[in-house]
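Residues per chain, in single letters:
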Amino acid sequence: MPYRFIENEAIADVAIEAFNIDLSEVFRDSGAALIKTMIENPEAICLRIGRNVVLNNNQLDLLLYNFLEQLIYYKDTEQLLLLTIQLTTRQTGCEWNLVASLAGETIDASRHQQRVDVKAVTLHQLSLKKENDVWKAHFVLDI
Amino acid sequence: MPEVDKLHQISDVVWELPVSYKPGMRVPARIYATKELISSMDDAVFDQISNVAFLPGITGYSMCMPDGHSGYGFPIGGVAAMDTQYGVISPGGIGFDINCGIRLLTTDLTWNDIKPHLKKLIDRLYQRVPAGVGSKGFIKLSRSDFKAVVEQGAVWCVRNGYGWSEDLELTELNGCINGADVRAVSEKAIDRGMEQIGTLGSGNHFLEIQVLRPENIYDKETARIFGLRGENQITVMFHCGSRGFGHQVASDYLQEFLKVMGSKYHIQVPDRELACAPFKSPEGQAYFNAMKCAINMSFANRQVILHRVREVFSEIFGRSPEKLNMHMVYDVAHNTAQVERHTFQGTEKEYLVHRKGSTRAFGPGNQLIPERFRNTGQPVIIGGSMETGSYLLAGMNTGAQTFFSTAHGSGRTMSRTKARNMWQGRNLQQKMESEGIYIRTASLSGLAEEAGLAYKNIDDVVTASELAGISRRIARFIPLGNVKG
């Protein structure tokens with residue numbers, strides 16, 4: 001699995017590490033990890049509803065923060081569980097851009113086995129950097 | 001050397017990290033804990049509480065309460081009093097779940113009265129107080145009504161029929177903090193909160209039916225003043241916060257503060273989660289006014305849940321909530337920053353007291369607590385794990401040492417991920433039922449994360465608070481039934 005839940009960190013919250021040689025895949029996997037934090041069986045999410053996201057930030061890790069925050073926003077406002085269908089990141093000058101197409105459906109308690117609600121993404125030990133040709137993201141979700 | 005070995009022991013329950021512990025600390029850090037509790041704290045607590053000591057304007061000590069554990073920015077249990085003139089305000093010292101708090105109410109029912117109805121009560125509460133991921137409340141509000149709610153808090157609810165006027169007197173800040181200004185709140189925050197009033201949330205949030213046994217009353221006179229008579233009296237306790245609204249307010253201003261903290265105000269902090277701005281700056285005041293809206297949203301949330309609880313009890317027992325004596329004991333806030341007057345080193349002045357996972361605990365004589373509590377100190381509700389029970393304490397005048405702050409719960413000792421790997425929700429649910437605690441939950445794996453053994457011993461937390469003189473025990477409640485998010 002391209003992400004893992006870290007056992008002995010963030011006692012009351014959930015710490016996650018995602019890693020991939022492709023930066024866009026790290027964003028995708030980080031989003032999947034956020035959904036997995038809330039739902040035991042993300043494979044049960046039907047791709048019925050789509051949303052597009054365009055984000056910019058001059059710091060790459062904060063771009064990840066904004067992306068994850070957007071998934072939480074859709075969960076709270078439209079009760080949508082969204083997975084990443086397509087995502088691209090690009091650096092233009094000193095700014096990072098993200099364009100993503102997301103798809104999913106509204107939460108259905110009879111099919112989506114709940115875990116815990118995610119309140120927010122924290123800045124605590126937030127990082128996204130390339131190490132030995134592998135992009136590694138680390139973030140803590142507030143529960 | 002483990003970090004715990006670098007602590008200086010000040011008393012049996014007070015431990016200090018001197019300013020030499022980390023270059024940049026403006027004040028020492030103090031941790032309130034028994035030897036057992038401090039030995040069980042993770043090293044991140046010491047790192048985080050010493051980071052808090054870097055914040056400009058911090059007065060006295062950066063402090064961690066006995067239920068403290070690692071968090072983000074501040075540890076959970078973190079307390080810091082900032083000078084209001086030249087100090088800062090930091091969302092990381094308040095938390096994302098602004099005014100997460102606990103409310104306790106009494107009934108005139110006994111264990112014998114509810115025994116035949118317990119499952120039905122919990123099942124009905126589970127239906128009427130939505131919990132879990134993405135839950136929505138029953139109150140449908142226009143955008144302008146929601147804006148009125150976040151400016152007026154529980155006062156709006158009582159005016160609109162969701163509660164009794166006495167509920168306001170028995171809520172910290174009378175259920176509404178003055179100065180909330182919705183113009184400081186983003187549209188995203190309003191989007192997230194609009195449909196969530198009356199919902200419990202998830203994680204460590206709960207709604208619990210409890211019994212107060214006579215042997216668990218430690219101060220009968222104070223308990224009587226708080227409305228508790230013992231005799232296997234049934235009480236109801238619930239814990240929840242400002243939901244997505246408060247979470248978004250915190251997220252918005254963390255990012256805003258990151259932009260200006262260094263470039264405009266030249267403040268350096270060792271953790272971005274401690275992003276801050278001078279309290280008197282335009283950014284600091286905007287966050288303060290928005291945070292107050294989230295404080296009010298949370299009071300409104302708990303007020304509406306109280307209304308639902310009263311409805312359910314009334315329906316099951318065929319008597320009005322008034323006849324059932326469903327009065328509030330008190331409602332306390334955990335995650336706030338409030339301007340309060342305190343005396344430090346002989347001088348009384350205003351401080352902005354950040355409490356993150358800590359309860360305000362004013363002692364006897366304080367003019368800001370209801371008159372009925374002026375001789376006892378304010379009630380302090382300590383929510384325990386779903387397996388082990390909860391406490392009611394009272395504030396003490398010796399609490400001045402912590403700017404009248406104390407613990408808020410048991411405090412975790414084990415990560416959620418580890419707990420989920422150790423226990424199975426279904427087995428835990430069955431075990432608890434065999435022990436007389438009936439649970440309804442939106443999430444079995446979430447239940448496993450909340451296992452009693454994932455928390456500190458609540459008796460140790462209360463003992464440490466009492467020995468330190470920051471609050472004293474009045475009563476202990478045993479869980480009978482629980483709705484978990």
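No experiment lies behind these values; they were computed from the predicted model shown.

What counts as what
Residues numbered from 1 in each chain as written. Chains lettered and ligands numbered in written order. Predicted model: local features only at pLDDT ≥ 70, side-chain atom pairs only at ≥ 80, totals over all residues. Heavy atoms only, no water. Helix = DSSP H or I, 4+ residues; strand = E, 2+ residues; numbered from the N terminus. Rg over C-alpha atoms; globule rule 2.2 N^0.38 Å. Buried < 20%, exposed > 50% of the residue type's maximum accessible area, 1.4 Å probe, protein only. Contact = heavy atoms within 4.5 Å. Areas by Shrake-Rupley, 256 points an atom, 1.4 Å probe, with all protein chains shown as cover. Lys, Arg positive; Asp, Glu negative; His and termini not counted. Charge placed at Lys NZ, Arg CZ, Asp CG, Glu CD. Phe/Tyr/Trp six-rings, centres within 6.5 Å; stacked < 30°, edge-to-face > 60°. Pairing = 2+ DSSP bridges. Salt bridge = Lys/Arg side-chain N within 4 Å of Asp/Glu carboxyl O. Axes fitted to C-alpha atoms, helices over the stretch in contact; angles between N-to-C directions. Buried area = accessible area lost by both parts, 1.4 Å probe. Polar contact = N/O pair within 3.5 Å; in protein donor to acceptor, adjacent residues only side chain to side chain. Nonpolar A, V, L, I, M, F, W, Y, C, P; charged D, E, K, R; others polar.

A. How the structure looks around the overall build of chain A. Scanning chain A from terminus to terminus reveals two helices and eight strands. Counted from the first residue to the last, chain A has its helices and strands arranged as β-β-α-β-α-β-β-β-β-β. Taking 15 Å as the expected radius of gyration for a compact globule of 143 residues, we find that chain A reaches 14 Å, a close match to that expectation. C-alpha atoms of chain A, sized along the principal axes, occupy 45 × 35 × 25 Å. Across the 143 residues that make up chain A, the buried fraction comes to 64%. Partitioning the contacts of chain A with sequence separation of at least 6, the portion at a separation of at least 24 is 67%. Surface accessibility of chain A: about 5,700 Å² in total, with carbon and sulfur atoms responsible for 46%. Computed over 13 positive and 20 negative side-chain charges, the separation of the two mean positions in chain A equals 3 Å.

B. Quick look at the overall build of chain B. When you go through chain B residue by residue, the secondary structure sums to 15 helices and 19 strands. Expected size for 485 residues packed as a compact globule is a radius of gyration near 23 Å; at 21 Å, chain B falls within 12% of this value. Expressed along its principal axes, the backbone C-alpha trace of chain B runs to roughly 60 × 50 × 45 Å. Burial analysis of chain B (485 residues in total) assigns 68% to the buried set. Sequence-distant contacts, at least 24 apart, represent 76% of the contacts inside chain B between residues at least 6 apart. Here chain B has roughly 15,600 Å² of accessible surface; of this, 47% comes from carbon and sulfur atoms.

C. Local environment of the packing of aromatic side chains. Residues and elements named next belong to chain B. Applying the stated criterion across every chain yields a total of 18 aromatic pairs over all chains. Measuring from ring centre to ring centre gives 5.5 Å for Tyr 72 and Phe 96, while their planes differ by 45°; the resulting arrangement is tilted. In this pair, Tyr 72 sits in strand β4 (residues 58-72) while Phe 96 sits in the loop between β6 (88-89) and β7 (101-110), placing the two residues 24 residues apart along the sequence. In this pair, the class of Tyr 72 matches that of Phe 96, namely buried. Summarising the aromatic geometry, the rings of Tyr 253 and Tyr 287 are spaced 5.4 Å apart at their centres and angled 50° between planes, so their arrangement reads as tilted. Placement of Tyr 253 in helix α10 (residues 243-261) and of Tyr 287 in helix α11 (residues 282-317) is noted, with a sequence separation of 34 residues between them. On the accessibility criterion, Tyr 287 (0% relative accessible area) is buried.

D. The pairing of strand β2 (residues 14-17) of chain B, seen in detail. Residue and element names in this part refer to chain B. Neither face of β2 is left uncovered, since the one carrying Val 14 and Glu 16 and the one carrying Trp 15 and Leu 17 both have all their residues buried. Bridge analysis of strand β1 (residues 8-9) against β2 gives two bridges, and the strand direction is antiparallel. Following the sheet pairing, His 8 is matched in β2 by Glu 16. Here β1 hands over to β2 after four residues, the two strands then running antiparallel side by side.

E. Expanded view of the pattern of salt bridges. All names here are of chain B. Scanning the model with the defined rule gives 47 salt bridges over all chains in all. The partner of Glu 315 in a salt bridge is Arg 124, and the shortest N-O contact between them spans 1.9 Å. Separated by 191 residues along the polypeptide, Glu 315 in helix α11 and Arg 124 in helix α4 (residues 118-128) bring together distant segments of the chain. Ionic contacts of the salt-bridge type, sharing partners, join the residues Arg 412, Arg 416, Arg 420, Glu 449, Glu 450 and Lys 484 into one network.

F. Molecular detail of the sheet that holds strand β3 (residues 49-57) of chain A. Residue and element names in this part refer to chain A. If you walk across this open sheet you meet the three strands as β3-β5-β4, and the pairing is antiparallel. Both outer strands of the open sheet, β3 and β4 (80-92), are each paired with one neighbouring strand and no more. Averaged over all adjacent pairs, the angle separating strand axes in this sheet is 15°, with direction ignored. Sheet analysis places β3 next to strand β5 (residues 95-106), joined by nine bridges and oriented antiparallel.

G. Quick peek at the interface of chain B and chain A. Between chain B and chain A, the residue contacts involve 47 residues of the former and 39 residues of the latter. Buried area between chain B and chain A, summed over both chains or domains, comes out near 3,600 Å², and the portion from carbon and sulfur atoms is 50%. Three residues stand out in chain B for area buried against chain A, namely Val 133, Arg 192 and Arg 272 of chain B, and they jointly supply 20% of the buried area on that side. If you look at where chain B meets chain A, you find four salt bridges. Of the charged contacts, one joins Arg 243 of chain B and Asp 117 of chain A as a salt bridge, the two residues approaching to 3.8 Å between their closest N and O atoms. At the boundary of chain B and chain A, one finds 25 residue pairs in polar contact (both at pLDDT 80 or more). Every element with two or more residues in the side of chain B that touches chain A is listed here: β4, α8 (187-193), α10, α12 (416-422) and α14 (444-449) of chain B. When residues in the side of chain B that touches chain A are grouped by element, the largest group, eight residues, is from α10 of chain B. The residue makeup of the side of chain B that touches chain A, split by class, is eight nonpolar, 23 polar and 16 charged.

H. Summary view of unusual backbone geometry. Residues and elements named next belong to chain B. Phi angles above zero are rare outside glycine, and Asn 99 is one such case at about 55°. Tracing the chain through its elements places Asn 99 in the loop between β6 and β7. Here the phi dihedral of Asn 232 falls at roughly 60°; this positive angle occurs in a residue that is not glycine. Within the secondary structure, Asn 232 sits in the loop between α9 (220-225) and β9 (233-240).

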